[in-house]
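Spelled out from the first residue to the last, the chains are:
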Amino acid sequence: MAAESSAPSQQAGESSGPNHGLRIFIPWLILAVVADVLIWVVWGPHLPPGAMSSSASNQQFDIKIMAVMAAPVMLFVLVYFAYALIVWRHREGDDEDGPALHGNTRVQATWITLSSIIVLALFVFGTVELVTTNGAGAGEGASPIWKPSGSTLQVQVIGQQWRFTYRYPQFGGFETTDLVLPVGQWVEFHVTSIDVIHSFWAYQLGVKADANPGVDNVAYTKINNTGSITVRCAELCGLWHGAMFDYGRAVSLGAFVAWARGTEVHLASVTAQLPPYSLTYDPTTIAQMSKAMVAAGFTGGNGLYYPPTDPAQP
Amino acid sequence: MSLPARISLLVVAFLAVVAVGAFVVLHYFLGGIPVEDYSAGVTPNTNATVHVVLQEDPQNTVSSKPDWVSYFVQNPQTKAWVHTTLFQVPAGSKIDMTIYGFDGCTPLRNNFWGQVTGTIGDVEFVDGKPYHVINSWSGCNVGHTFSIPGINLNVPMATPGLIQSVKPGLCGTSPCEPGDMKAVPYRVMQFSFYSPHTNGEYFWQCRVPCGGGFLTGFGGPMQTLGFMTGYMKVVS
């Protein structure tokens, strides 16, 4: 009986009360615009991983887009929450029950429609960002779908416990612990491992590719400016995983060519002892290695390191 | 049970619990692998020369894993061989290192590590003969490496030339004693490098997959302090 008698007065109160939607919308709109401008102009240029390479700057752009889209959503929740706490708080002497809640088709339709638009837009945006940025710096496997046009500098990254080494097949296939890359040239990383699983993570370049034994994982990037590159292993790979990092450098094209040619000559005697350049290195198929192991008396056969009673190669 | 017996039981139980706790603390927390101190009495950052001596053996007969290959470090004062891979050197000093190689050969997985880097002149002396590169795939040449990645040091360890199948010809009781090379074959590797001026613990490792019985040969002694990996502590 009490509910029936209170319903008309509530409806009358709603029609004559404040426009809650507008009172929430206006501060939200102001805050959202201010937040998005701050994110894009002030915070955005400092977002990881920076803008040292094409893949890094594209990742930074993507994170800025995500942040600009997420901030209004988060602010709407916070503004609504604050408004509810202030306007609909319990007041002294008000012991009346709140009005019964019913579905609101307009609110639900708006919410579902906006959410769908945001999610589908991000799906399309993310897909385009993978295609147009040549894989966005991630390992694409042995047969990359997205690749840059024109010539590339090939650099092989070899993971091993607990150091990365790098081979430059276009400069005689020399191998070195120094990662040196040129500015303004597409780089084609071929990432592999000769023991356990590692992950090649060149932070400032926005390049991250798993290094798996027997797998050639390809990633692309183009460096925008000179500087230092931090390389870390991003896959737990044993006792000294935490110490598996080094620092590379991006230099001008001329400086790179001079370095590569000089290193090729300097390491010629070492290169002569390496197996021919290959996309992967399986100890069981490297002729010189198998021969050495047989000569050393290892009875695993077919180049296996240890006898069959020991664990075989992965 | 009488009152004295109950009190005695309580005291014994209390002492037993205390003893177990003390053992756990001493053995697992305060105990550990000894650090051989080569920095005592040396003024750091003066390029003073410090002579560090190690040996690598085909096994060790002093631990619970006697079939694991292992390094040993010589105590600088007593000259006794200690089953550890931790040693301490002064910062900014010239480290003259001697390593006795008693173990047989195992090919490197990556022959790139056959080159000598990070030493003065990028050279090591094997039985007095200088080497810049040793090809582990051309014969029974390399047993292990001594590598400190933090200072780009890599030195392949030559072998007495014996192969795995005749391992009984190698030193069979650790720590091995350098002496009559005909009785117990070994090689002597000598090289020098400068310790960093920055204090810290610089890990070192072997790059030959010599952890027989483990996946890719890189388990067991390769991942255990006190066997084929350790650290060089630099102090000033």
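Basis of the calculations
Residues numbered from 1 in each chain as written. Chains lettered and ligands numbered in written order. Predicted model: local features only at pLDDT ≥ 70, side-chain atom pairs only at ≥ 80, totals over all residues. Heavy atoms only, no water. Helix = DSSP H or I, 4+ residues; strand = E, 2+ residues; numbered from the N terminus. Buried < 20%, exposed > 50% of the residue type's maximum accessible area, 1.4 Å probe, protein only. Contact = heavy atoms within 4.5 Å. Areas by Shrake-Rupley, 256 points an atom, 1.4 Å probe, with all protein chains shown as cover. Pairing = 2+ DSSP bridges. Axes fitted to C-alpha atoms, helices over the stretch in contact; angles between N-to-C directions. 1 Å grid on protein atoms, 1.4 Å probe; cavity = no way out; pocket = protein on both sides within 12 Å on 5 of 7 lines; lining within 4 Å. Points joined across faces, edges and corners; volume = space filled by probe spheres on them. Nonpolar A, V, L, I, M, F, W, Y, C, P; charged D, E, K, R; others polar. Phe/Tyr/Trp six-rings, centres within 6.5 Å; stacked < 30°, edge-to-face > 60°. Lys NZ or Arg CZ within 6 Å of the ring centre and 35° of its normal. Buried area = accessible area lost by both parts, 1.4 Å probe. Salt bridge = Lys/Arg side-chain N within 4 Å of Asp/Glu carboxyl O. Polar contact = N/O pair within 3.5 Å; in protein donor to acceptor, adjacent residues only side chain to side chain. Expected span 1.5 Å × (residues − 1). Arc of directions from axis to C-beta. pLDDT = per-residue confidence, 0-100. Patch = residues over 30% accessible without salt bridge, like charges linked within 9 Å, V, L, I, M, F, W, Y side chains within 5 Å. Lys, Arg positive; Asp, Glu negative; His and termini not counted. Charge placed at Lys NZ, Arg CZ, Asp CG, Glu CD.

Asks: Please explain the overall build of chain A as it appears in this structure.
Replies: Along chain A, the regular secondary structure elements total seven helices and 10 strands. Within chain A, the fraction of its 314 residues that count as buried is 40%. Partitioning the contacts of chain A with sequence separation of at least 6, the portion at a separation of at least 24 is 65%. Carbon and sulfur atoms make up 66% of the accessible area of chain A, which totals about 16800 Å².

Asks: It is not clear to me how the sheet that holds strand 4 (residues 180-182) of chain A should be interpreted in this structure. Could you clarify?
Replies: Through backbone hydrogen bonds, the strands of a sheet pair up, either in parallel or in antiparallel fashion. Residues and elements named next belong to chain A. Strand order across the open sheet formed by five strands is 4-10-9-6-7, with mixed pairing between neighbours. Only two strands of the sheet have a single neighbouring strand rather than two, namely strand 4 and strand 7 (207-211). Between one strand axis and the next, the sheet turns through 25 degrees on average, direction left out of account. Pairing analysis gives three bridges linking strand 4 to strand 10 (residues 245-251), with the strands arranged parallel. Of the residues in strand 10, the one forming a bridge with L181 is A250. Against the sheet, helix 5 (residues 253-266) makes contact with strand 4 and strand 10, and its axis sits at roughly 140 degrees relative to strand 4, the strand it touches most.

Asks: I'm lost on empty space enclosed by the protein in this one. Help?
Replies: The rolling of a water-molecule-sized probe over the atoms marks out the regions of remaining empty space. Throughout the structure, instances matching the rule amount to three cavities of 30 Å³ or more. Approximately 100 Å³ is the volume found for the largest cavity. Taken together, 15 residues form the lining of the largest cavity, with A:I194, A:P275, A:Y281, B:R109 and B:N110 sitting closest to its centre. Here the residues of the lining of the largest cavity are counted per class, giving nine nonpolar, two polar and four charged.

Asks: Sorry if this is basic, but what is going on with the packing of aromatic side chains here?
Replies: Residue and element names in this part refer to chain A. Across all of its chains, the model carries 30 aromatic pairs over all chains by this definition. Here the aromatic rings of W28 and F76 are separated by 6.2 Å at their centres, their planes lie at 90 degrees, and the arrangement is edge-to-face. Placement of W28 in helix 2 (residues 20-43) and of F76 in helix 3 (residues 54-87) is noted, with a sequence separation of 48 residues between them. Clustering of aromatic rings is evident, with ring pairs tying together F25, W28, F76, Y80, Y83 and W88. A cation over an aromatic ring shows up here: K208 above the ring of W201, its NZ or CZ 4.7 Å from the ring centre.

Asks: Help me understand the interface of chain A and chain B, please; the structure alone is not making it clear to me.
Replies: Accessible area lost upon the coming together of the parts serves often as the stated size of an interface. Chain A puts 37 residues into the contact, and the matching count from chain B is 40 residues. Together chain A and chain B conceal approximately 3200 Å² of surface at their shared face, both sides included; 63% is due to carbon and sulfur atoms. Our count for the contact surface shared by chain A and chain B stands at zero salt bridges. In this structure, the connection of chain A to chain B is made through nine residue pairs in polar contact (both at pLDDT 80 or more). Counting residues per element, the side of chain A that touches chain B draws most heavily on helix 7 (residues 287-295) of chain A, at five residues. In terms of residue class, the side of chain A that touches chain B is built from 22 nonpolar, 11 polar and four charged.

Asks: What is the right way to read helix 5 of chain A from this model?
Replies: Every α-helix carries 3.6 residues per turn, so stepping three or four residues along brings you back to the same face. Residues and elements named next belong to chain A. Look at helix 5: 20 Å from first C-alpha to last across 14 residues, which is about the 20 Å you get at 1.5 Å a residue. For helix 5, the full list of buried residues reads F256, W259, A260 and T263. The buried side chains of helix 5 occupy one side of the element, clustering within an arc of 100 degrees when seen end-on. Along helix 5, exposed side chains directed more than 90 degrees from the buried face belong to G254, A258, R261 and V265. Of the surrounding secondary structure, the elements contacted by the buried residues of helix 5 are strand 1 (153-160), strand 2 (163-168), strand 3 (174-176), strand 4 and strand 10.

Asks: Looking at this structure, I do not really get the confidence of the model for chain A. What am I missing?
Replies: On average, residues of chain A score 87 in pLDDT, and 89% of them reach the 70 mark or higher. Per-residue pLDDT stays below 50 along residues 1-14 of chain A; that stretch engages in five contacts with residues further than four places along the chain or on separate chains.

Asks: Just checking my understanding: could you explain helix 2 of chain A for this structure?
Replies: All names here are of chain A. Given a rise of 1.5 Å per residue, 24 residues ought to cover 34 Å, and the 32 Å separating the end C-alpha atoms of helix 2 matches this to within 8%. Looking at helix 2, one finds that the buried residues are I24, W28, A32, A35, D36 and I39. Structurally, helix 2 contributes buried residues whose contacts are with helix 3. Capping the start of helix 2, N19 holds a side-chain oxygen 3.2 Å from the backbone nitrogen of G21, two or three residues further along.

Asks: When you look at the layout of surface pockets in this model, what are you seeing that I'm missing?
Replies: Volume-wise, the second largest pocket comes out at about 360 Å³. What lines the second largest pocket is a set of 20 residues, among which A:H266, A:L267, B:Q115, B:T117 and B:D122 lie closest to the centre. Residue assignment for the lining of the second largest pocket shows that the elements contributing at least two residues are strand 3, helix 5 and helix 6 (268-271) of chain A. In terms of residue class, the lining of the second largest pocket is built from six nonpolar, 11 polar and three charged.

Asks: What is the right way to look at a negative patch on the surface in this model?
Replies: A contiguous patch of negative charge on the surface is contributed by A:E92, A:D94, A:D95, A:E96 and A:D97. We classify A:E92 as exposed; its relative accessible area is 81%.

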